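# Secondary and tertiary structure notes
Letter by letter, the chains look like this.
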Amino acid sequence: MGFVFSKSMNDSLRAQQEFMAMNSRLQLERQLLMQNQMRERQTAMQIAWTREFLKYFGTFFGLAAVGLTAGAIKKKNPGVLLPIVPLGFIFAYQYDMGYGTLLQRIKGEAENILDTQSTLLELPKGPLTYEELEKIRRSQSKIFIEK
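Residues numbered from 1 in each chain as written. Predicted model: local features only at pLDDT ≥ 70, side-chain atom pairs only at ≥ 80, totals over all residues. Heavy atoms only, no water.

### Focus on the overall build of the protein
- Counting its regular elements, the protein contains four helices and zero strands.
- For the protein, the sequential pattern of α-helices and β-strands runs α-α-α-α.
- Taken over the C-alpha trace, the protein has a radius of gyration of 30 Å; the compact-globule value for 147 residues is 15 Å, which it surpasses by more than 25%.
- C-alpha extents for the protein along the principal axes are approximately 110 × 40 × 35 Å.
- A total of 147 residues make up the protein; the buried ones form 10% of that total.
- Taking the intrachain contacts of the protein between residues at least 6 apart in sequence as the baseline, contacts between residues at least 24 apart amount to 48%.
- The average position of the 19 basic charges and that of the 14 acidic charges among the side chains of the protein differ by 10 Å. (Helix = DSSP H or I, 4+ residues; strand = E, 2+ residues; numbered from the N terminus. Rg over C-alpha atoms; globule rule 2.2 N^0.38 Å. Buried < 20%, exposed > 50% of the residue type's maximum accessible area, 1.4 Å probe, protein only. Contact = heavy atoms within 4.5 Å. Lys, Arg positive; Asp, Glu negative; His and termini not counted. Charge placed at Lys NZ, Arg CZ, Asp CG, Glu CD.)

### What about the environment of Phe53?
- Inspection of the secondary structure puts Phe53 in helix α1 (residues 2-75).
- A residue is classified by how much of its surface remains accessible, and Phe53, at 29% relative accessible area, is partly exposed.
- Sequence separation between Phe53 and Arg105 is 52 residues; the distance between their C-alpha atoms is 21 Å.

### As for the packing of aromatic side chains
- Enumeration over the complete set of coordinates arrives at five aromatic pairs.
- Measuring from centroid to centroid gives 5.3 Å for Trp49 and Phe53, while their planes differ by 10 degrees, and the two rings are stacked. You can see Trp49 and its partner Phe53 sitting in helix α1, four residues apart, about one turn around the helix.
- Each ring, one from Phe61 and one from Phe91, has its centre 5.3 Å from the other, and the planes form 10 degrees; the classification is stacked. Placement of Phe61 in helix α1 and of Phe91 in helix α2 (residues 84-99) is noted, with a sequence separation of 30 residues between them. (Phe/Tyr/Trp six-rings, centres within 6.5 Å; stacked < 30°, edge-to-face > 60°.)

### Quick notes on a nonpolar patch on the surface
- Together, Phe19, Met20 and Met22 give the surface a local cluster of nonpolar side chains, amounting to about 340 Å² of exposed area.
- Relative to the helices and strands, Met22 resides in helix α1.
- For Met22, a relative accessible area of 53% translates into the label exposed. (Patch = residues over 30% accessible without salt bridge, like charges linked within 9 Å, V, L, I, M, F, W, Y side chains within 5 Å. Areas by Shrake-Rupley, 256 points an atom, 1.4 Å probe, with all protein chains shown as cover. Salt bridge = Lys/Arg side-chain N within 4 Å of Asp/Glu carboxyl O.)

### As for the pattern of salt bridges
- Per the counting criterion, the structure on display carries seven salt bridges.
- Arg14 is paired through a salt bridge with Asp11; the nearest N and O atoms lie 3.2 Å apart. Of this pair, Arg14 and Asp11 both sit in helix α1, three residues apart, which is roughly one turn of the helix.
- The residue Arg25 makes a salt bridge to Glu29 at a minimum N-O spacing of 3.2 Å. Of this pair, Arg25 and Glu29 both sit in helix α1, four residues apart, which is roughly one turn of the helix.
- Classification of Arg25 as exposed rests on a relative accessible area of 59%.
- The class of Glu29 is partly exposed, set by a relative accessible area of 36%.
- Residues joined by salt bridges that share partners form a network here, namely Glu134, Arg137 and Arg138.

### Some words on unusual backbone geometry
- Despite not being glycine, Lys76 has its phi angle at roughly 55 degrees, a positive value.
- Among the secondary structure elements, Lys76 is positioned in the loop between α1 and α2.
- Taking relative accessible area as the criterion, Lys76 reaches 77% and is therefore assigned exposed.
- Not every positive phi belongs to a glycine, and Lys125 is a case in point at roughly 65 degrees.
- Within the secondary structure layout, Lys125 lies in the loop between α3 (102-116) and α4 (130-140).

Functional significance is not addressed by these values, which are geometric in nature.
Okay, structure coming up:
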């Protein structure tokens, strides 16, 4: 009689463990999907911000180029055009970020770093552990609570 009861308990326990494992996997998949969605939305916001900034900066750059060109012609001094050079670099960078291939190039370089130069990603003193974090918390805490 005890064997029959024990067998049904084992089956029930096994089913519960399978359910918990499936539930844990489902929760992890949801977390990964949510993190990816948040990353995609943040990237979309960054690109949108860059495109909006480019509209204003492009207008400023165009007006500055026209004004500096007119000033250089009026004063007969080509040195007046010098500020166009750094402004041109900024404009080109912003355009590449908003409409060009800069993000793909950055992604490719990041993948290269992950694949071939992973030692650059290591944290000083290694990864933070629970014990180190607890030591820091205890040293900074005014209320000391021990388990």
